[in-house]
Amino acid sequence: MNKIATYFNFSELKTSMRTEVLAGLTTFVSMAYILFVNPSVLGASGMDKGAVFTATALASALGCLMMGLLAKYPIAIAPGLGVNAFFTYSVVIGMGVKWQTALAGVFVAGLIFMLITIFKLREMIIDAIPRDMKLAISAGIGFFIAFIGLHGGGLIVANKSTVVGLGSLTVGTTWLTIFGLIVTLILMSRKVPGGIFIGMVLTSILGLVTGLIKMPSTVVSAAPSLKPTFGVALTHIGDINSLQLIIVVLTFLLVTFFDTAGTLVGLAEQAGFMRNNKMPRVGKALMADSTSMLVGSVLGTSPTSAYVESSAGIAVGGRSGMSAVVTGILFLFGLFFSPLLNVVTSQVTAPALIIVGVLMAESLKQINWERFEIAVPAFLTVIGMPLTYSISDGIALGFITYVITMVATKHGKEVHPLMYVLFFIFIIYLWILNV
């Protein structure tokens, strides 16, 4: 016990084993929903839900353990909401790319992410894309996730007259979504730790009681086999042979990179780790994320990223890597609850997606709306994602418009050269999509 306390600097950080275990448990409960939401989202692409469940648990456990033991931060890692939606709805369903090829794209993006971290090129990439556009991408993904949740829960449906419209309130499963949303909103408003997870549990119970969800035959079982997805990413790397797929890889990289970097900095600020506007050991933190992303793609899941829900653990006193280690161990225990996958329907996960969308929309307030040349591309990025049902299309609209408006207002010198490169790449990308 003394060795653990010494390794994690308990005395210097003014924490204890009890506090760190409690923080790790709090973080896990706050983000455990991803064990069931990720298979639901990726399952829509044709992937085996059981295999994705196991891959999600293992990739999350690896990321958390590496973050705790290597970077020594109380920050958890798991497959990111938003980038998994991009994987399924933009790449597989939208572009018609096979999920096997998309998984190979995740592997390549993870490899590039790791090289960027090793060679310390992350600052150059972060500086290339203006802060307002990074914020717009984050908010846009939030809108997109919320839209998927509203549609999956039956609250928003297709409508021939108005494109989309309000779903039928005579359908029982829609009311299940409404119940889950109201309960989760109340819990989150009252800052109850694990509010999203508790909301999912209560919604599932209501579904089982009313017969809207079929009762599982068992609760605990051996972890589902990884066979349907394991190694598929490696055997399909050769499929990444077109500009369209290169754009996919680039988007996986950008979304994961900026989502992780932004979350890390935000959580470091909350915990008081920042020194002179810099985060100590950020390279090790990014290495933990890129490694879990790489391994996760081989196992069979979408990119991982640092989780903002770690703030719940930090709020109860988590200050060392021990809390992340505890979270990682709990993800391993979670492997044995796969039978609950059939209980967690799209109506159960819908409120979680909507709430996460709300949380991600917070970045809108930091965008410089007073500058028209920035407001337009930021707006098109945000609104473009849900309306085109594609994260990459939204980014393309925003990046193309950004270069045009900046040059038009004689601010072209403020635009990083890489943004001009991306300007032409995205124009070609949109042309290829339509041709």
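Scroll up to find the structure.
Right, let's walk through the structure included here. From a predicted model like this one, the values you see are computed outputs, not experimental measurements.

End to end, helix α7 (residues 99-118) covers 29 Å across 20 residues, agreeing with the expected 28 Å (1.5 Å per residue, within 8%). Burial within α7 is extensive, with 14 of its 20 residues counted as buried. Following α7 by one or two positions, Lys120 adopts a phi angle in the positive range, close to 55 degrees.

On to the pattern of salt bridges. Evaluation of the coordinates by the stated rule reveals 3 salt bridges. Here Arg371 and Glu373 are joined by a salt bridge, their closest N and O atoms 2.9 Å apart. A relative accessible area of 10% means that Glu373 is categorised as buried. Here Glu414 and Arg371 are joined by a salt bridge, their closest N and O atoms 3.6 Å apart. Taken together, the positions of Glu414 in the loop between α19 (391-408) and α20 (417-434) and Arg371 in the loop between α17 (346-360) and α18 (372-388) put the pair 43 residues apart, joining distant regions of the chain. A relative accessible area of 25% places Arg371 in the partly exposed class. Each of the salt bridges in this network shares a partner with another, and the network as a whole consists of Arg371, Glu373 and Glu414.

Moving on, we get to the pairing of strand β3 (residues 163-166). Judged from the 4 bridges that link them, strand β2 (residues 156-159) and β3 form a sheet pairing that is antiparallel. Its bridge partner being in β3, Ile156 is matched across the sheet by Leu166. Taking the residues that link successive antiparallel strands as the turn, the β2-β3 hairpin has 3 residues.

What follows is about the packing of helix α4 (residues 34-43) against helix α5 (residues 49-71). Two quantities define a packed helix pair, namely the angle between the helix axes and the distance between the axes. Axis separation between α4 and α5 bottoms out at 8 Å; the angle between their running directions is 135 degrees. Classified by the angle their axes make, α4 and α5 are oblique. In this structure, the crossing between α4 and α5 has a hand that is right-handed. Across the interface between the two elements, Ile34, Leu35, Phe36, Asn38, Pro39, Ser40, Leu42 and Gly43 from α4 touch Lys49, Val52, Phe53, Thr56 and Ala57 from α5.

Here we come to helix α9 (residues 131-152). One full turn of an α-helix is made of 3.6 residues, so residues set three or four places apart face in the same direction. Helix length check: α9, at 22 residues, gives a terminal C-alpha distance of 32 Å against a target of 32 Å (1.5 Å per residue), a fit within 8%. Among the residues trailing α9, Gly154 stands out with phi positive, at a value near 85 degrees.

Time to look at the side chain of Ser338. Along the chain, Ser338 falls in the loop between α16 (321-334) and α17. With relative accessibility at 9%, the residue Ser338 sits in the buried group. One polar contact links Ser338 to Ser221, side chain to side chain, over a distance of 3.4 Å. Excluding anything up to four places from it in sequence, Ser338 contacts Phe53, Ser221, Ala222 and Pro224.

Along the chain, the position of Phe258 falls in helix α13 (residues 243-271). Along the backbone, Phe258 and Ile34 are 224 residues apart, and their C-alpha atoms lie at a distance of 20 Å.

Conventions used here
- Residues numbered from 1 in each chain as written.
- Predicted model: local features only at pLDDT ≥ 70, side-chain atom pairs only at ≥ 80, totals over all residues.
- Heavy atoms only, no water.
- Helix = DSSP H or I, 4+ residues; strand = E, 2+ residues; numbered from the N terminus.
- Expected span 1.5 Å × (residues − 1).
- Buried < 20%, exposed > 50% of the residue type's maximum accessible area, 1.4 Å probe, protein only.
- Salt bridge = Lys/Arg side-chain N within 4 Å of Asp/Glu carboxyl O.
- Pairing = 2+ DSSP bridges.
- Axes fitted to C-alpha atoms, helices over the stretch in contact; angles between N-to-C directions.
- Parallel < 35°, antiparallel > 145°, perpendicular 65-115°, else oblique.
- Left-handed = near helix turned anticlockwise from the far one by under 90°.
- Contact = heavy atoms within 4.5 Å.
- Polar contact = N/O pair within 3.5 Å; in protein donor to acceptor, adjacent residues only side chain to side chain.

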